[in-house]
Every structure is written in C-alpha cells, then in structure tokens.
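The lines below spell out each chain.
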Amino acid sequence: MQVLKENGRKAEDKSWMWVRSTPYGDKKIVLFDYRISRSQEAARQLLDGITGYLQCDGLNAYDVLEKQEGVIRIGCGMHSRRKFESAQWMGLSPAEALERQDLVT
C-alpha cells in the first residue's frame, strides 16, 4: 500500500493494510488496520489475545500468535489452491497431491 505525504516516510516506502474479519455468526465484522510493517510486533499489537482459527499465509510474523493458547493456525486458501493447481499440471489427482511431501511445503 502506498501512502503519499506521510510524516517521516517517502511515498515509495511500503506500508501494509492488515485485514481482520469474523466471517461467521450473527455479528460479522471486517477491520482494516494500517501498519508500516508486517513484523511480529505488528501482529502482536493487532491480534494479541485472540482465540479461534487464525487463517493466514506462511509469514513468520504470525508464529508468535500460533503459540497463544486457544489459537489454531490454518493455511491460506490461495496458497493451498496453488499447490493443487501445480499437481494438476503434473497430472496428479487431488489424493495423489496430498501424498506428495514436495507439494505440501
């Protein structure tokens, strides 16, 4: 995300939009939070104390949250889809793809 005219930062500096949501239940909510990094500290500030499923990519910033009691980290749907797409191009069935360790990591 590019932010223009931010004090102490160049327009070319990278910034990040963290998106949090609760897609299930009666009270669905989506929150957008701006941070200048994707660090463990940013993750801790935004998500400390959460419980339940944490769906995220493999960024190591989330590792600190995975260690919290009551947090179950699940993989990113887009990343897993890409693995199955690769397996399809290799002529593998979904069941065969799940057995291939080189496609899992």
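Above this text you will find the structure in question.
Definitions and cut-offs
- Residues numbered from 1 in each chain as written.
- Predicted model: local features only at pLDDT ≥ 70, side-chain atom pairs only at ≥ 80, totals over all residues.
- Heavy atoms only, no water.
- Salt bridge = Lys/Arg side-chain N within 4 Å of Asp/Glu carboxyl O.
- Buried < 20%, exposed > 50% of the residue type's maximum accessible area, 1.4 Å probe, protein only.
- Helix = DSSP H or I, 4+ residues; strand = E, 2+ residues; numbered from the N terminus.
- Patch = residues over 30% accessible without salt bridge, like charges linked within 9 Å, V, L, I, M, F, W, Y side chains within 5 Å.
- Areas by Shrake-Rupley, 256 points an atom, 1.4 Å probe, with all protein chains shown as cover.

Using the criterion set out here, one finds 7 salt bridges in the structure. Here R9 and E6 are joined by a salt bridge, their closest N and O atoms 3.4 Å apart. What makes E6 partly exposed here is its relative accessible area of 21%. Between E41 and R44 there is a salt bridge, and its shortest N-O distance comes to 2.8 Å. Of this pair, E41 and R44 both sit in helix α1 (residues 40-47), separated by 3 residues, roughly a single helical turn. Residue E41 is classed as partly exposed on the basis of its relative accessible area of 41%. Through salt bridges with shared partners, one network takes in E6, R9 and D13.

Residues M17, V19, V30 and F32 make up a contiguous nonpolar surface patch of about 390 Å² in total accessible area. Residue assignment for the nonpolar patch shows that the elements contributing at least two residues are β1 (16-22) and β2 (29-35). By relative accessible area, V30 is classed as partly exposed at 48%.

On to unusual backbone geometry. Here K5, not a glycine, exhibits a phi torsion of approximately 55 degrees, which is positive. Structurally, K5 is set in the segment before β1. Taking the relative accessible area as the measure of exposure, K5 reaches 85% and is therefore exposed.

Just distances and angles here, no functional claims.
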